[in-house]
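Survey of secondary and tertiary structure
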Amino acid sequence: MAVLETTDEPSRLDPPVDDVKPINTRVVRLMAWSGVALVISLVVAQGLLMRFVPPPSPAMSAQEIADLYIDRKLAIRVGTLIECIGFTFYLTFSMSIVVFMRRMERGMPVLTYTSMANNGGGYVFFLLMPITWAALAFRPETLDPALMQIANDYVWFVFILSWPPFALFMVYVALAVLGDRNPTPVFPRWVGFFNLWTAVLIIPAGLVEFYTAGPFAYDGELSFWFVWFVFFGWIMVMSGVTLRACKAEEERQAAVAGRDGAAA
Amino acid sequence: MTAVDVRTAPDTAGQPERHRRKIPGEVGIWMFIGGDMISFSFLFFLFLHYRANDTAGFTASQAHLDQNLGLLNTLLMLTSSWLVASGVRFAARQRGDLAARCFLGAVGCAAAFAVVKAVEWGGKVADGHTMSSDEFFMFYYCCAGIHMIHVVIGSGVLLSMAATVRRSKLAGNEQRNIESGATFWHLVDLLWIVLFALLYLVGQS
C-alpha cells in the first residue's frame, strides 16, 4: 500500500476502501452539471433579459426605480420564470459536493449533515430573489414608487447580504477536503484552500449596508462584480471538480467489479 | 512509520531539510495566498483609481490620520512575523515549548494591533470621521476592516499552531501545516505594510 501522508491509523469503524457504498455517478454528474445550468440561467435571465447585471444603482430615485420596472416588466416576468428554475439547481449542485464529502469524512459525518441542513436553507434565499422581482413586475403601474424602492433594495440585500451560509458551506467543504484521510483523496487538496479563499473573498459583500455609491455599494466593483465573479466562478470550478471525482469513482467501481469477477 | 513527503522522499532521503522541501507548507496555501493578493491588489487599484479622481480631497482627509499609530501597528506586525518565523524554526528543531511561546507572542502582537486600531478608529469616529464621511474614509475603514478579518482568522490559526507544537513530537503533515499557517501570517503582515503605505503615506511629503 502506498505511503500515506498522514500518521493517522485507519479507524476500525471505517470499512475498507473496496467496501464503501458505490455512488450512482450518473445522477451525481447531472447534479454537478446543474451548477453550470444555474450560471447559464443567471447570465441569460438576469443579464440579458432583466438587465440586472449590474444591479440598478442604489442611488436611483424611487420614481426611476418604478419606471425601470414598468419599462422592463415583460422581460422581468420571463426572466424570473427562468431564474426560479435555474436557482433551484443550487440545491442539486451543492448536494453533488456533499455526496463526496460523505466519502471524505470518517465516523459520524458531521460536516455532511451540517452542509445538508445549510444548503437546504440556503437555496431558499436564491428563490426569494426572482419571486420578489416577479411580484414587483406584476402590477408596477399601480404600486407606490417608495414601496418599490424598498422592495428593490430588499431583493439585492437578500442576494448579497445572505453570504454567510454560502461562505460557511465553503468552509465545510475545505474542512472535509483537508481532513480527508483516504489513500487517494476524493478531491485534491488545493480544492480545500480554494474554498477557504472564496469564503474569505465574499466577506466584503457585507459592506453593501453602508453605501449607495462606490465600490462597496450593491452595484459596486467590489461588493457586486468581484463577489459575483468569485461566487459563480466557485460554482463552475466545483462543478468541474465534482465531475472529475465522478470519473475517479467510476474507475474505482470498474476496478472493484474486475477484481470480484476474477475472484469468482 | 515516520511520515515523509511522498512526492520527494525517495530520491532525496538523507539530504538536509532545506534541500528536501522546495517550498514551505504545501502548494494549496500558496494558491490561497496568490488569490488573496490578487483580491487585495484589486482593492489597492480601486483606492488609487478613486484617489486619482479626487487627489485634493483624499490628501485633505488623509491629513487627519495619526501616522505614529499606523507606524506602531506596522512595528507590531513586523514583530509578530519575526516571532512566527522563529517559532517555525524552533518547531523544526523539535523545540515545541519555545515554538509555542513564539506563536503566543505573535498572537499578543495581533491583540495589541487590534487595540491600537480600536483606539485609532474610536478617536476618528469621535472627531466625526465615519465610514460614510467621504471616499477616503470609506477606504480607510473598509480596507483596514477587511484586513482586520484576516488578523482575527490568522490569530485563530496561530493559537491552533501553538497547541499543536506543545505536543512532544511533530508528524510530517503537522510540520507542513505549521509552515502553511506561518505563511498565511506573513501574508497578513505584508498586506498591512501595503495598506499602511497607501492609507497613511501616499501623497504625503
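Residues numbered from 1 in each chain as written. Chains lettered and ligands numbered in written order. Predicted model: local features only at pLDDT ≥ 70, side-chain atom pairs only at ≥ 80, totals over all residues. Heavy atoms only, no water.

Here we look at the overall build of chain A
Threshold: Under the scheme used here, helices are H or I runs from DSSP no shorter than 4 residues and strands are E runs no shorter than 2 residues, and both carry numbers assigned from the N terminus. Summary of the burial criterion: residues with accessible area below 20% of their type's maximum are buried, those above 50% are exposed, and those between are partly exposed, where the area comes from a 1.4 Å probe applied to protein chains only.
Counting secondary structure elements, chain A contains eight helices and zero strands. Going residue by residue from the N terminus, the α and β elements of chain A occur as α-α-α-α-α-α-α-α. The dimensions of chain A, computed from C-alpha atoms along their principal axes, are 75 × 35 × 25 Å. Residue burial in chain A is summarised as follows: out of 264 residues, 48% are buried.

So, the overall build of chain B
Stated formally: We call two residues in contact when some of their heavy atoms are within 4.5 Å. For the accessible areas, the method is Shrake-Rupley and the probe is 1.4 Å, while residue cover comes only from the protein chains on display.
The secondary structure content of chain B amounts to eight helices and zero strands. In chain B, the order of α-helices and β-strands from amino to carboxyl end is α-α-α-α-α-α-α-α. When the 205 residues of chain B are sorted by exposure, 49% land in the buried category. Considering only contacts within chain B whose residues lie at least 6 apart along the sequence, 78% involve residues at least 24 apart. Of the roughly 9,600 Å² that chain B leaves accessible, carbon and sulfur atoms contribute 65%.

Looking at the packing of helix H7 (residues 189-201) of chain A against helix H8 (residues 221-263) of chain A
Residues and elements named next belong to chain A. Under the convention used in this document: Working convention: axes come from line fits to C-alpha atoms, limited for helices to the stretch in contact. Angles between N-to-C directions cover 0 to 180 degrees. By the definition adopted for this analysis, an angle is roughly parallel if under 35 degrees, roughly antiparallel if over 145, roughly perpendicular if from 65 to 115, and oblique otherwise. We call a crossing left-handed when the near helix sits turned anticlockwise from the far one by less than a right angle, and right-handed when that turn is clockwise. Lys, Arg, Asp and Glu make up the charged group, whereas Ala, Val, Leu, Ile, Met, Phe, Trp, Tyr, Cys and Pro make up the nonpolar group; the residues left over, Gly among them, are polar.
Across the interface, H7 lies against H8 with an axial gap of 10 Å and an inter-helix angle of 160 degrees. By the angle between their directions, the pair H7 and H8 is classed as roughly antiparallel. Relative to H8, the crossing made by H7 is left-handed. Contacts between H7 and H8 involve Trp190, Val191, Phe194, Asn195, Thr198 and Leu201 from the first element and Phe226, Val227, Val230, Trp234, Val237, Met238 and Val241 from the second. Residue classes in the contact of H7 with H8 are distributed as eleven nonpolar, two polar and no charged.

Considerations on the pattern of salt bridges
Cut-off, in case you're wondering: The salt bridge definition used is simple: a Lys or Arg side-chain nitrogen within 4 Å of an Asp or Glu carboxyl oxygen.
Inspection of the entire model under this criterion finds ten salt bridges over all chains. For Glu120 of chain B, the salt bridge identified is with Lys117 of chain B, shortest N-O distance 3.1 Å. With Glu120 of chain B and Lys117 of chain B both in helix H6 (residues 96-126) and three residues apart, the pair spans about one turn of that helix. Connected via shared salt-bridge partners are Arg103, Glu249 and Arg252 of chain A.

Remarks on the interface of chain B and chain A
The figure often quoted for interface size is the accessible area lost as the parts come together. As a reminder, the rule being used: The quantity reported as buried area is the accessible area (1.4 Å probe) lost by two parts once they are put together, taken as the sum for both.
Residue-level contacts link 29 residues of chain B with 25 residues of chain A. In this assembly, chain B packs against chain A so that about 2,500 Å² is buried in total across both faces, 75% of it on carbon and sulfur atoms. Counting the contacts that link chain B with chain A gives one salt bridge. Of the charged contacts, one joins Arg189 of chain A and Glu26 of chain B as a salt bridge, the two residues approaching to 2.7 Å between their closest N and O atoms.

Details of the nonpolar core
As a reminder of what qualifies: We call a set of buried Ala, Val, Leu, Ile, Met, Phe, Trp, Tyr and Cys residues a nonpolar core when their side-chain atoms join them within 4.5 Å.
In this structure, Trp133, Phe159, Phe187, Phe232 and Trp234 of chain A are the most contacted members of the largest nonpolar core, which totals 130 residues. Considering every element that reaches this core, the biggest residue donor is helix H7 (residues 135-166) of chain B, with 16 residues. Once residues lying within four places of it in the same chain are set aside, the contact partners of Phe187 of chain A are Ile97, Phe100, Met104, Val177, Asp180, Met238, Val241, Thr242 and Ala245 of chain A.

Quick word on the side chain of Asn73 of chain B
All names here are of chain B. With respect to the helices, strands and loops of the structure, Asn73 is situated in helix H5 (residues 67-92). Its relative accessible area of 0% is what places Asn73 among the buried residues. Discounting residues that sit within four places of it in the chain, Asn73 has contacts with Ala112, Phe113, Val116, Lys117 and Trp192.

A look at the packing of H7 of chain B against helix H8 (residues 172-201) of chain B
All names here are of chain B. Axis separation between H7 and H8 bottoms out at 9 Å; the angle between their running directions is 160 degrees. Classified by the angle their axes make, H7 and H8 are roughly antiparallel. Note that H7 runs across H8; the crossing there is left-handed. Broken down by class, the residue content of the contact of H7 with H8 amounts to 21 nonpolar, six polar and one charged.

Quick look at H8 of chain B
All names here are of chain B. Definition in use: Multiply 1.5 Å by the residue count of a helix minus one, and that product is the helix's expected span.
With 30 residues, H8 ought to run about 44 Å at 1.5 Å a step, and its terminal C-alpha atoms sit 43 Å apart, in line with that. Within H8, 22 of the 30 residues are buried, which leaves the element mostly enclosed by the surrounding structure. Following H8 by one or two positions, Gly203 has its phi on the positive side, about 85 degrees.

Some remarks on a nonpolar patch on the surface
All names here are of chain A. Applied cut-off: Each patch groups residues whose relative accessible area exceeds 30% and which form no salt bridge, using 9 Å between like charges and 5 Å between nonpolar side chains of Val, Leu, Ile, Met, Phe, Trp and Tyr.
A surface patch of nonpolar side chains, about 620 Å² in accessible area, is lined by Ile40, Val43, Val44, Leu48, Leu74, Val78 and Ile82. Those elements giving two or more residues to the nonpolar patch turn out to be helix H1 (25-49) and helix H3 (73-104). A total of four residues in the nonpolar patch trace back to one element, the largest contributor, which is H1. Counting through the fold element by element, Val78 comes out in helix H3. Under the relative-accessibility criterion, Val78 is labelled partly exposed at 40%.

Description of the packing of aromatic side chains
Residue and element names in this part refer to chain A. Put simply, the rule reads: Centres within 6.5 Å make a pair out of two Phe, Tyr or Trp rings, where for Trp the six-membered ring is used; the pair is then stacked when the planes are under 30 degrees apart, edge-to-face when over 60, and tilted otherwise.
Applying the stated criterion across every chain yields a total of 51 aromatic pairs over all chains. Where Tyr90 meets Phe166, the ring centres are 5.2 Å apart and the plane angle is 70 degrees; that geometry is what we call edge-to-face. Of this pair, Tyr90 sits in helix H3 while Phe166 sits in helix H6 (residues 163-178); the two residues are 76 residues apart in sequence, bridging distant segments of the chain. Look at Tyr90 and you get buried, because its relative accessible area is 1%.

What about unusual backbone geometry?
Of all residues except glycine, most have a negative phi; of all peptide bonds, most are trans. In this structure, Pro54 of chain A follows Val53 of chain A across a cis peptide bond, with omega equal to 0 degrees. Within the secondary structure, Pro54 of chain A is located in the loop between H1 and helix H2 (62-71). Of note, Arg51 of chain A is a non-glycine position whose phi angle comes to about 55 degrees, a positive value. Tracing the backbone through its elements, the reader meets Arg51 of chain A in the loop between H1 and H2. On the accessibility criterion, Arg51 of chain A (49% relative accessible area) is partly exposed. Within the chain, Gln94 of chain B stands out as a residue other than glycine whose phi angle is a positive 60 degrees. Secondary-structure assignment places Gln94 of chain B in the loop between H5 and H6.

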